[in-house]
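# Geometric and topological summary
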Amino acid sequence: MDHTIRHEPEGGVTFEAFCATPGCDEESGPQEDQEAAQKWCLRHTGRTGHDLFRRVVTDHARVTRAEPLHSEQS
């Protein structure tokens, strides 16, 4: 059986940023808006001087089974 996988808009998209400075465990938490996660990075850098971040974008996907081809038998 063939399947397809596609982004599921109903699930939304979340954006997160994690400080990558060794010893710092701060993170933005899930944000619905990419700009909110980026602003968190800027504030964190301003407060701590940390300037390296890991950014994660998460979406939802739906897998659907392709309809089987029906062959006519004679």
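For the structure given in this document, a descriptive report is provided here.

Turning next to the overall build of the protein chain. Across its full length, the protein chain carries 1 helix and 4 strands. Helices (α) and strands (β) of the protein chain occur, in sequence order from the N terminus, as β-β-α-β-β. Relative to the compact-globule value of 11 Å for 74 residues, the protein chain shows a C-alpha radius of gyration of 21 Å, a clear excess of over 25%. Taking the principal axes of the C-alpha coordinates as reference, the protein chain spans close to 75 × 25 × 15 Å. In the protein chain, which comprises 74 residues, the share counted as buried stands at 20%. Taking as baseline every contact in the protein chain between residues at least 6 positions apart, the subset at least 24 positions apart corresponds to 58%.

Attention now goes to the nonpolar core. The nonpolar side chains of a soluble globular protein tend to be buried, and buried together. The biggest cluster of nonpolar side chains holds 6 residues, and these are Ala17, Cys19, Cys24, Trp40, Cys41 and Phe53. Ignoring sequence-local partners within four residues, the contact set of Cys24 consists of Cys19, His44 and His50.

A few words now on the environment of Thr48. Mapped onto the elements, Thr48 comes out in helix 1 (residues 34-48). Given a relative accessible area of 31%, Thr48 falls into the partly exposed group. Note: C-alpha distance between Thr48 and Cys24 (24 residues apart in sequence) is 9.8 Å. From its side chain, Thr48 meets the backbone nitrogen of His50 in a polar contact 3.0 Å long.

What follows covers the pattern of salt bridges. Scanning all chains against the criterion turns up 3 salt bridges. Across the pair Lys39 and Glu35 runs a salt bridge whose closest N-O atoms are separated by 3.2 Å. In this pair, Lys39 and Glu35 are both assigned in helix 1, 4 residues apart and thus about one turn of the helix distant. Residue classification places Lys39 among the partly exposed residues on the basis of a relative accessible area of 41%.

Glancing now at the packing of aromatic side chains. The relative placement of two aromatic rings is captured by the distance of their centres and the angle of their planes. With the rule as written, the count across this model stands at 1 aromatic pair. The interplanar angle of 80° and the centroid separation of 5.8 Å between the aromatic rings of Trp40 and Phe53 together place this pair among those described as edge-to-face. With a gap of 13 residues between them, Trp40 in helix 1 and Phe53 in strand 3 (residues 53-59) connect regions that are remote in the sequence. Just as Trp40 is buried, Phe53 falls in that class too. Across from the ring centre of Phe18, 4.3 Å away, lies the NZ or CZ of Arg54, which sits over that ring.

Definitions and limits used
- Residues numbered from 1 in each chain as written.
- Predicted model: local features only at pLDDT ≥ 70, side-chain atom pairs only at ≥ 80, totals over all residues.
- Heavy atoms only, no water.
- Helix = DSSP H or I, 4+ residues; strand = E, 2+ residues; numbered from the N terminus.
- Rg over C-alpha atoms; globule rule 2.2 N^0.38 Å.
- Buried < 20%, exposed > 50% of the residue type's maximum accessible area, 1.4 Å probe, protein only.
- Contact = heavy atoms within 4.5 Å.
- Core = buried A, V, L, I, M, F, W, Y, C linked by side-chain atoms within 4.5 Å.
- Polar contact = N/O pair within 3.5 Å; in protein donor to acceptor, adjacent residues only side chain to side chain.
- Salt bridge = Lys/Arg side-chain N within 4 Å of Asp/Glu carboxyl O.
- Phe/Tyr/Trp six-rings, centres within 6.5 Å; stacked < 30°, edge-to-face > 60°.
- Lys NZ or Arg CZ within 6 Å of the ring centre and 35° of its normal.

Everything listed here is a matter of geometry and, on its own, says nothing about what the molecule does.
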